[in-house]
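What the coordinates show
Residue strings, one per chain:
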Amino acid sequence: MKDAAPEIVYLADYAAPNWLVRDVHLTFRLDPSRTRVLSRITFHPNPDATSHEFALDGEGMTLISARINGAEVTPDVTETGLSCVVPDTEFLWEAEVEIDPAANTALEGLYMSGGMYCTQCEAQGFRKITYYPDRPDVMSVFTVRIEADRPVLLSNGNPVASGDGFAEWHDPWPKPSYLFALVAGDLVNHPGSFTTMSGREVTLNVWVRPGDEDKCAFGMQALKDSMRWDEQVYGREYDLDLFNIVAVDDFNMGAMENKGLNVFNSSCVLASPETSTDANFERIEAIIAHEYFHNWTGNRITCRDWFQLCLKEGLTVFRDAQFTADMRSAPVKRIEDVIALRARQFREDNGPLAHPVRPHSFVEINNFYTATVYEKGAELIGMLKTLVGDDAWAKALTLYFRRHDGQACTIEDWLRVFEDVTGRDLAQFKRWYEEAGTPRLSVTDSYADGTYTMTFAQHTPPTPGQAGKAPRVIPIKVGLLGQNGDEVQKTRVLEMTEAQQSFEFTGLAARPIPSILREFSAPVILERSTDNAERAFLLAHDTDPFNKWEAGRALARDTLLAMIRQGAAPDPAYLEAARIMALDEGLDPAFRALALGLPSQDDLAQVIHDGGATPDPQAIYDALEALKDARAETMAEAATQLYAQHQVREPYRPDAGQAGARALSNTMLAMITRRDGGVAAQAQYDGADNMTQQLAALGCLLQAGHGDAAVEAFYNQWQGDRLVMDKWFGLQIAMADPAEAADVTQHLTQHPDFTMKNPNRFRAVLGALAGSAAGFHHASGKGYALLADWLIQLDPLNPQTTARMCAAFETWRRYDADRKDLMRAQLERIASQPGLSRDTTEMVGRILSA
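The residue count restarts for each chain, going from 1 along the sequence in the order it is written. Given that the model is predicted, a residue must reach a pLDDT of at least 70 before its local features are reported, and side-chain atom pairs must reach 80 or more before they are shown or counted; all residues, however, enter totals for whole chains, interfaces and linings. Working from all heavy atoms in the structure, the side-chain values ignore hydrogens and water.

1. Digging into the pairing of strand β10 (residues 109-113)
β10 sits mainly inside the fold: 5 of its 5 residues count as buried. The sheet contact formed by β10 and strand β11 (residues 116-120) spans 5 bridges and is antiparallel. Looking at β11, one finds that Leu110 is bridged to Thr119. Between β10 and β11, which pair antiparallel in sequence order, lie 2 residues; one of them, Gly114, sits at a positive phi of approximately 60°. The cut-offs for exposure are 20% and 50% of the maximum accessible area for each residue type, with area from a 1.4 Å probe on protein chains only; residues under the lower value are buried, those over the upper are exposed, and the others partly exposed. Going along the chain from the N terminus, every DSSP run of H or I of four or more residues is numbered as a helix, and every run of E of two or more is numbered as a strand. A pair of strands counts as paired when DSSP detects no fewer than two bridges linking them.

Put into structure tokens, the structure is as follows:
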């Protein structure tokens, strides 16, 4: 019998909860396979509800007993919850359930990780713990008692009592159930403290399993820096006496902002120079900030329903980007964010998984924790700030916190704050939240009698379920340069509101060279006919760091496209421009390293597809390799000079200055390796005293075909560190020849240290295959089949990770008929599996049907 079609949830069907919760008392009697959860919950009718029927969410548990006002009741229990006849006034609900944490491999609700009990309740995990109205607009005060034979027993809020085998916690701030957290285990803490701007002392802890104590100091400092920054920039003070972070090895996401008890994927908090790269340190700093900033933008003010996820995530991603920009380099951070946006969100927006920043419907909300909701959501926040200006932004945020503290809000509430502060009508801006797709922004220009005119036209291609899209408001930051490189027009914000619109710049002595979309002021694709001479000029003279980088990237892209399409040789003009830029000591080394980066294989495939042709993954790979070889020859002397010049001699620090120097020197090492076969890389590997240098050298040795001994040595050195071993697995696949990538992956899945039950390890191996475009898309189809094999095996254990990994197939329609047939066959094979999860069913269905 065919499974019933999954139920679709629609934003338009939102209804206020029938019952609200005054207070929650939970008792946990922890046992690996037979945990008992006792709940005492005071319900009262919601005066705004249209019905007072009583139903609670609940999955995967056994109801032992239920009482209303002390009297036994027998609810109607289904696979998804229960319903019961209740009084029409306030009442006390009491229930006892039994759950099996050890069998919970989905890592949602209460589960076990290395002997530790831990929870993940966002988005709908709390319903796997006890029966409850598991929705974000039901907020309540929680009191929790934990009974267990574990030395450390943690929950939200402040500790109120403890003794032999128990601990009690009380969180005075009303919260939705998705912010509930519990951790119990054999843990040690790295302690700290923070004095708030009002003089209150807050106790801080980073809790880890024994053996990881030496990897906590950076995370603790990042937390303190985040707390101080949020006070200084947004006036937001922490509101409890205690802030706990716990590192967990088995975790589907990066981290979770549970009130007062943040649970982190170990990879997002544990760091040391010996085991973590500069990129790891920066990511950890940003994620700790992100989760801390959620205390106000997510916890104190949460979302009314899961369609409003972008409200808390977009705003908090924007805030953590501001933080990183202030802590490190603002231009470098902006470029890194745009690279990630184009790689992940533009791909999503231009394929079968495209959806609005605020979706209109979903089957499984876990499938919408996407780059569109997070990264594009943050871009919308940035555009809004650009449009209203810094002063109005500050006033609006102050009003937002004051007006909506303690509430579950919507995008309409957010925009209304800005309308009230500025008097602007933001109805047109709201289209960004309601419509999917990346706008194309074309521009033509003219010059006459001292007046320079720019004419812009916008259109957004159709996306699944949406066509015929109206114009959006687009802030376009523009500057003008004179022929000598001087800036003749400082950055000006052009506010585009029509399908086609012209803007004039007067009083100019000569035709200027435009610098368009400075700071990447809107998430659009800019289309403009220009030539490499202008791009080289902007690379040399543009005062906007982003557009300087963009000019170099465009030069490299056009060179590669000519090589792919026409079999052209590498463009000497690009090679020389890259050499000159690399040697410019007036530029930040981190910027130079980024500017020497080349477009990814996937980026080039999308450009070719958008141009009406069919991308050949192997031809793209070959062109990239040829250009890297040519650049290594052109920059031979410069690479040797810069590699030596930017060696860091001081003790390791993960700050922006040292990280930038290492980034540039390791970029040079990659060039040197293409000429010396790995001699310099082997020397760096042998002498490395930090993971950034060691891993970069290992990658170079693998690229040169001389990495076998180093791979074995690396394993012998680090086999006891699970996070370093994730790097070891992933790097071997990333550096493999495309023809061998699937075979290397298959071999590594047989390694005794591989396990599909740990999301980090699964992503390190199968995610690396999916990320190796030419390898995954090898004409044999073996990459497709291998990934599908493992997704089919993983789905019964962890539907959330499985569904997200299915996105590797989202670009299947852009390729040739043979590859399309091979990918379609694997997608259909996944879809045909009996008992396929709702998560994966939705994802595969969307990929196939669009």
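2. Some details on the pattern of salt bridges
Every case where a carboxyl oxygen of Asp or Glu lies within 4 Å of a side-chain nitrogen of Lys or Arg is listed as a salt bridge. In the structure shown here, the tally under the stated rule is 72 salt bridges. For the salt bridge of Asp239 with Arg300, the shortest nitrogen-to-oxygen distance reads 2.6 Å. Placement of Asp239 in the loop between α1 (217-234) and β19 (242-248) and of Arg300 in the loop between α2 (278-293) and β22 (302-303) is noted, with a sequence separation of 61 residues between them. As a salt-bridge pair, Lys477 and Glu519 come within 2.9 Å of each other at their nearest N and O atoms. In this pair, Lys477 sits in strand β27 (residues 474-481) while Glu519 sits in the loop between β30 (513-516) and β31 (525-527), placing the two residues 42 residues apart along the sequence. Owing to a relative accessible area of 40%, Glu519 belongs among the partly exposed residues under this scheme.

3. Points about the packing of aromatic side chains
Here the aromatic set is Phe, Tyr and Trp, taking the six-membered ring for Trp, and pairing holds for ring centres within 6.5 Å; pairs whose planes are under 30 degrees apart are stacked, those over 60 apart are edge-to-face, and all others are tilted. The full count for this structure, using the stated rule, is 45 aromatic pairs. Ring geometry for Trp229 versus Phe293: centroids 5.1 Å apart, planes at 35°, classification tilted. Of this pair, Trp229 sits in helix α1 while Phe293 sits in helix α2, placing them 64 residues apart in sequence. Trp229 gets classed as buried once you look at its relative accessible area, which sits at 6%. Among the residues examined, Phe293 registers a relative accessible area of 0% and is labelled buried. Among the aromatic residues, those joined into a cluster by ring pairs are Trp229, Tyr234, Tyr238, Phe243, Tyr292, Phe293 and Phe323. Placement of a charge over a ring requires the Lys NZ or Arg CZ to be within 6 Å of the ring centre, with the centre-to-atom vector within 35 degrees of the ring normal. In this structure, Arg472 is placed above the aromatic ring of Trp432, and the distance from its NZ or CZ to the ring centre is 4.7 Å. Of note, Arg492 hangs over the ring of Phe505, and the distance from its end group to the ring centre comes to 4.5 Å.

4. Overview of the sheet that holds strand β29 (residues 500-505)
Taken in spatial order, the 4 strands make up an open sheet running β29-β26-β25-β31, and their pairing is mixed. Two strands in the sheet have a free side with no partner beyond their single neighbour: β29 and β31. Geometrically, the sheet is characterised by an average inter-axis angle of 25° between neighbouring strands, direction not taken into account. Fitted lines through C-alpha atoms serve as axes, helices being fitted only where they are in contact, and the angles separating the N-to-C directions of these axes extend from 0 to 180 degrees.

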